[in-house]
2 protein chains.
Amino acid sequence: MSISPQNADALAERLSHSGLRATPQREVVYNVLLKKRDHPTADEVFARVKNELPTISLATVYNCLETLVQCELVRAVNFERGPTRYCPNLRPHAHFHDEHTGKTHDIDLPPGLLEKVSSVLPQGYDAKSVEIIFRGKTASN
Amino acid sequence: MSISPQNADALAERLSHSGLRATPQREVVYNVLLKKRDHPTADEVFARVKNELPTISLATVYNCLETLVQCELVRAVNFERGPTRYCPNLRPHAHFHDEHTGKTHDIDLPPGLLEKVSSVLPQGYDAKSVEIIFRGKTASN
DNA sequence: CTTGCGCCTTAGAATCATTCCAATTTGTTG
DNA sequence: CAACAAATTGGAATGATTCTAAGGCGCAAG
């Protein structure tokens, strides 16, 4: 598995923008997230990354994920108590949590929806981000 | 602090409906949530409940909260990794998380908003609940 | 180049929230 | 009252994450 040039570049650019370095660990962690977008936990990322970097430590995986979140290349998602999950989808989207399978699906949002939702906020509330989480089941169950 | 009759009744009714008992611990835990609606953690509930029931254990607080959530008298809320918070507000509402103060505010939602939001779901997705979380700052900061 | 400095990584210890467990206690029912 | 189930309790155990201290690595200044 090798990182594609544009992603590597995007990563390097974002990192250096914050005075950070593009290390092999960070690149592989980011690439793992891009490769399989199933909202993995830090442990799952750790397992996948070890295939490429067998000596990486779990602490480093946590560090890298945190760094990617800071750079806004990745979103951290928490539904219901349990390990944080990571999502490299930067488009505006909601999450659908299937209670049967435990899987999480991205739901793309039409333009303007988030603004419309935000318009319910009273005067004086200034939202920087909006998160929408659905829970339920999908037809395939 | 004594639980008001209607709340005690609502509680007892919901509990017995599920074949459960209305114990002093459950009543006090529920009442603590109703009294100060600041989305406390289990630890915070524990501290407050101890004023009335000094010998209650933390495990019992967790048990009671879990029971109340089962009965749908209370909602468990998880933003960003960290202890679960509890909310006795049953009306449809969103949460606004103030990043300065760390406080969480309830935002009442106009009728139909949740349905409108749910309408973005593709065929085959059946949402049982929708959660909306805003993050940002409020004018008072 | 080579030295120094700050960013990174690492392993393991520490922490925090929560759950589990086994032993009472309490409430209800026959 | 006796027996059984539901609840509570304290403490141990678990799981996820964060902290800490000790090296490594890359690069800018001399």
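About the criteria used
Residues numbered from 1 in each chain as written. Chains lettered and ligands numbered in written order. Predicted model: local features only at pLDDT ≥ 70, side-chain atom pairs only at ≥ 80, totals over all residues. Heavy atoms only, no water. Contact = heavy atoms within 4.5 Å. Buried area = accessible area lost by both parts, 1.4 Å probe. Salt bridge = Lys/Arg side-chain N within 4 Å of Asp/Glu carboxyl O. Polar contact = N/O pair within 3.5 Å; in protein donor to acceptor, adjacent residues only side chain to side chain. Nonpolar A, V, L, I, M, F, W, Y, C, P; charged D, E, K, R; others polar. Pairing = 2+ DSSP bridges. Helix = DSSP H or I, 4+ residues; strand = E, 2+ residues; numbered from the N terminus. 1 Å grid on protein atoms, 1.4 Å probe; cavity = no way out; pocket = protein on both sides within 12 Å on 5 of 7 lines; lining within 4 Å. Points joined across faces, edges and corners; volume = space filled by probe spheres on them. Least-squares fit on C-alpha atoms with pLDDT ≥ 70 in both. Domains from an automatic or database assignment.

A. Seen up close, the interface of chain B and chain A. Of the residues lining the interface, 35 residues belong to chain B; the matching set on chain A comes to 35 residues. Interface area, chain B with chain A, both sides summed: about 3000 Å², of which 56% is carbon and sulfur. Counting every contact that joins chain B to chain A gives six salt bridges. Linking Arg135 of chain A and Glu131 of chain B is a salt bridge whose minimum nitrogen-to-oxygen distance equals 2.4 Å. Applying the counting rule to chain B against chain A returns 17 residue pairs in polar contact (both at pLDDT 80 or more). Taken together, the residues of the side of chain B that touches chain A sort by class into 17 nonpolar, nine polar and nine charged. Of the strand pairs in this sheet, strand E5 (residues 125–138) of chain A and strand E5 (residues 125–138) of chain B are connected by 13 bridges, and their pairing is antiparallel. Paired with Val130 of chain A across the bridge in E5 of chain B is Phe134 of chain B.

B. Structural detail: empty space enclosed by the protein. By the definition in use, this model includes one cavity of 30 Å³ or more. Roughly 40 Å³ of internal volume is contained in the largest cavity. In terms of residue class, the lining of the largest cavity is built from two nonpolar, four polar and three charged.

C. Fine view of the relation of the copies chain B and chain A. Mapping chain B onto chain A leaves a residual RMSD of 0.1 Å; the transformation is a rotation of 179 degrees accompanied by 0.1 Å of translation along its axis. Each copy turns onto its partner about a two-fold axis. When each C-alpha of chain B is compared by its distance to the rotation axis, Ile132 of chain B comes out closest, at 2.3 Å. Residue by residue, 100% of the interface of chain B is reproduced at the interface of chain A, so both copies engage with the same surface.

D. Local environment of the domain arrangement of chain A. All names here are of chain A. Taken as a whole, chain A is organised into domain 1 (5–86) and domain 2 (91–136). A separation of 23 Å is found between the C-alpha centroids of domain 1 and domain 2. Residue-level contacts link five residues of domain 1 with nine residues of domain 2. Both faces considered, domain 1 and domain 2 share a buried interface measuring about 730 Å² in area, 51% of it formed by carbon and sulfur atoms. Put simply, domain 1 and domain 2 have one salt bridge between them. Where domain 1 touches domain 2, the interface holds five residue pairs in polar contact (both at pLDDT 80 or more). When grouped by side-chain class, the residues that make up the side of domain 1 that touches domain 2 number two nonpolar, one polar and two charged.

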